[in-house]
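A look at the structure
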Amino acid sequence: MATTYQYQSKLPPLPIPDLDKTLKKYLKSLKPLLTSDDYKNTEKIVEDFGSSEVAQRYQKILQERVVQKAKENKSWLEEWWLKYAYLLYKDPLPITLNYWLHFDSDIVVEDTPWLLQAGRVIWNVAQVKQDLDNEQIQPEYMGDKPLDMNQMVPIFTCSRDPGIQQDSLDIRKSNWNAVVISNKQFYEMSLIHDGQLLSIYEIQLMLQNIWDDSLRSIPDFSPGVFTSWERTKWAKVRDQMIKNTSNRESFESIKNCAFVVVLDPSTPATVIDACHQLAMGDPHNRWFDKIFQLIFFRNGRAGINAEHTPLDAPALCKILDIALLNMRKQNQSGYPLLQSTRQNLPSPSKLHWNITPDLISNVRDAQADFQALVNDVDLMPFHYPLFGARFLKAHKVSPDGFVQLSLQLGYFKLHRRGCPVYETAQTRQFFHGRTSTVRSFCSESFAFSKIMCSDAPKDCLLYTSPSPRDRQKSRMPS
């Protein structure tokens, strides 16, 4: 059985794109967007750049960087990618950068007591963490080629720190504590006792104790709201807060923990309501800087909110898929793990904050800015019930291609023009690869949209690949 990082040293380095091919692709992507005169002008600029000494010099510099970064066990792109795509980004993390997931109802069963539900999820996630710590998570593959697994490293060990000029990542050693946020209060609980993972029932008991304690006196605010703020503003507040010992210790507990658990008192009635709360719920009851937060609602719904900087969604989804698929099996076969609690379990410890009066105005400003951001968002998850990926594959149609064409067709119907389209493609077949960009709007897709909105027959659209090797005709399903 392969270990998690077994193939890392064998992965090829992320290549430098060929300059001539890149310029040709650039021009091709621009052609359906520009007028004939604008395209000719752009084509001349691109040709002049491609033949210039500057272009050749930078191409050589990039090739030399590949060799140098390989000696440092890094990709030539990863430091630039972190810095310019993420860490220099100053907008608030929720909505603009963090992503969220809602768990399926056949996995988290809504008629289960919510803290028992939470205990089940946390226990299964902890089981996967244990496997990851022991490098027993199987490598992923694309076909028969192993993919880079480096994004697994920060899942349970990382937080994003705000900075005045630039944010930073703080990666710690693997830890078996979780920080629980309940009614705007923070608690630290250990998931291990006497070298053994807590049972589901023991985790539920810990969560119940935290919930009951948090109800005794609910504060008006928490420093969690600052993690929803513009990053420079948050950095200035944090620099002021860490001068206090209690605040500094609380920050350290959050940074050291494996993940954050949120006990949310709200009861979202629909999937749409739940998604809204997962994406932009009460910022006083969140910590958006942590790599992921497991969020549990009082009516049994659950999901996550995750920080995007050091990893992409598929890496975290790999971990969650294993945990949640195990839960699905356990829902069918029963949970034999609800044994009685041990007598000497350590109690969760409450984290203490010292929010000085001069910071209260910052709390109000952060709350107001977050609310303005929320008010500017329309969120409407939509489930298409008629068919999905399996149906499309059975008709020899790429599900991704189908969705991309549908999006472009919808835009064309609304605006009667095309627009640039960004789509993510993974590059994990290379060492420390993450993602690259697909420009899926092209002359062919633009022609498709125009034909679909014309009087031409729609029952059979034929597309001929320009590549002789791959030339084939694909029939769109009717």
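Just so it is clear, the structure is predicted and the values come from calculations on it, not from any experiment.

**A closer look at the overall build of the protein chain**
Scanning the protein chain for helices and strands turns up 14 helices and 15 strands. Taken over C-alpha atoms, the radius of gyration comes to 25 Å for the protein chain, in line with the 23 Å a tight globule of 478 residues would show. For the protein chain, the spread of C-alpha atoms along the principal axes amounts to about 75 × 50 × 50 Å. For the protein chain, the residues scored as buried account for 44% of the 478 residues in total. Taking all contacts inside the protein chain whose residues are at least 6 apart in sequence as the whole, residues at least 24 apart take part in 74%. Here the protein chain displays about 24900 Å² of accessible surface, and carbon together with sulfur accounts for 53% of that area.

**Examining the nonpolar core**
Judged by nonpolar contacts, the single largest core of 54 residues is most densely connected at Phe259, Phe292 and Leu294. Elements supplying a minimum of two residues to this core: helix H5 (114-133), strand E6 (177-182), strand E7 (185-190), helix H6 (200-214), strand E10 (259-264), strand E11 (292-297), strand E12 (302-306) and helix H10 (313-333). Here this core gets 11 residues from one element, more than from any other, and that element is H5. Non-local contacts of phenylalanine 259, meaning those with residues more than four positions away in its chain, are made with Ile122, Val125, Phe156, Asn177, Ala178, Val179, Leu191, Lys290, Phe292 and Leu294. Counting 24 residues, the second-largest nonpolar core is a separate cluster that includes Ile181, Trp229, Ile355 and Val363.

**Quick notes on the side chain of glutamate 140**
Tracing the backbone shows glutamate 140 in the loop between H5 and strand E2 (141-142). Among the residues examined, glutamate 140 registers a relative accessible area of 18% and is labelled buried. Residues contacting glutamate 140, with those up to four places away along its chain left out, are Lys145, Pro146, Leu147, Met149, Met152, Lys318 and Arg428.

**Brief notes about the pattern of salt bridges**
Taken as a whole, this structure holds 20 salt bridges when the rule is applied. Of the charged contacts in the structure, one is a salt bridge between aspartate 133 and lysine 129, with a shortest N-O distance of 2.7 Å. With a gap of four residues between them, aspartate 133 and lysine 129 both fall in helix H5, about one helical turn apart. By relative accessible area, aspartate 133 is classed as partly exposed at 36%. On the basis of relative accessibility, which here comes to 0%, the residue lysine 129 falls in the buried class. Close ionic contact of aspartate 369 with lysine 233 constitutes a salt bridge, the shortest N to O distance being 3.6 Å. Taken as a pair, aspartate 369 in helix H11 (residues 357-375) and lysine 233 in helix H7 (residues 231-241) lie far apart in primary sequence, 136 residues in all. Residue aspartate 369 is classed as partly exposed on the basis of its relative accessible area, which comes to 36%. Of the residues examined, lysine 233 reaches a relative accessible area of 38% and is grouped as partly exposed.

**Some remarks on H10**
The end-to-end C-alpha separation of H10 is 29 Å, in line with the 30 Å expected for 21 residues at 1.5 Å each. Of all the positions in H10, only Ala315, Leu316, Ile319, Leu320, Ala323, Leu324, Met327 and Gln330 are classed as buried. Packing partners of the buried residues in H10 comprise strand E1 (99-102), H5, E11 and E12.

**Notes on a nonpolar patch on the surface**
On the surface, a nonpolar cluster with roughly 360 Å² of combined accessible area is contributed by Phe49, Val54, Tyr58 and Ile61. Sorting elements by how many residues they give to the nonpolar patch places helix H3 (residues 53-71) first, with three residues. In this fold, isoleucine 61 is placed in helix H3. Using a relative accessible area of 41% as the deciding quantity, one classes isoleucine 61 as partly exposed.

**Some thoughts on the packing of helix H1 (residues 19-30) against helix H2 (residues 36-50)**
The N-to-C vectors of H1 and H2 enclose an angle of 170°; their axes lie 11 Å apart at closest approach. Classified by the angle between their axes, H1 and H2 sit roughly antiparallel to one another. Residues Leu19, Leu23, Tyr26, Leu27 and Leu30 of H1 form the contact with H2, whose participating residues are Tyr39, Thr42, Glu43, Val46, Phe49 and Gly50. A breakdown of the residues in the contact of H1 with H2 according to their chemical character gives eight nonpolar, two polar and one charged.

**Section: the state of the cysteines**
Scanning the entire structure with this criterion turns up zero disulfides. Cysteine 442 takes part in no disulfide bond, and the closest cysteine sulfur to it belongs to cysteine 419, at a distance of 13 Å.

**Digging into the environment of threonine 22**
Note that threonine 22 resides in helix H1. Judged by its relative accessible area of 36%, threonine 22 falls in the partly exposed class.

About the criteria used
Residues numbered from 1 in each chain as written. Predicted model: local features only at pLDDT ≥ 70, side-chain atom pairs only at ≥ 80, totals over all residues. Heavy atoms only, no water. Helix = DSSP H or I, 4+ residues; strand = E, 2+ residues; numbered from the N terminus. Rg over C-alpha atoms; globule rule 2.2 N^0.38 Å. Buried < 20%, exposed > 50% of the residue type's maximum accessible area, 1.4 Å probe, protein only. Contact = heavy atoms within 4.5 Å. Areas by Shrake-Rupley, 256 points an atom, 1.4 Å probe, with all protein chains shown as cover. Core = buried A, V, L, I, M, F, W, Y, C linked by side-chain atoms within 4.5 Å. Salt bridge = Lys/Arg side-chain N within 4 Å of Asp/Glu carboxyl O. Expected span 1.5 Å × (residues − 1). Patch = residues over 30% accessible without salt bridge, like charges linked within 9 Å, V, L, I, M, F, W, Y side chains within 5 Å. Axes fitted to C-alpha atoms, helices over the stretch in contact; angles between N-to-C directions. Parallel < 35°, antiparallel > 145°, perpendicular 65-115°, else oblique. Nonpolar A, V, L, I, M, F, W, Y, C, P; charged D, E, K, R; others polar. Disulfide = S-S within 2.5 Å.

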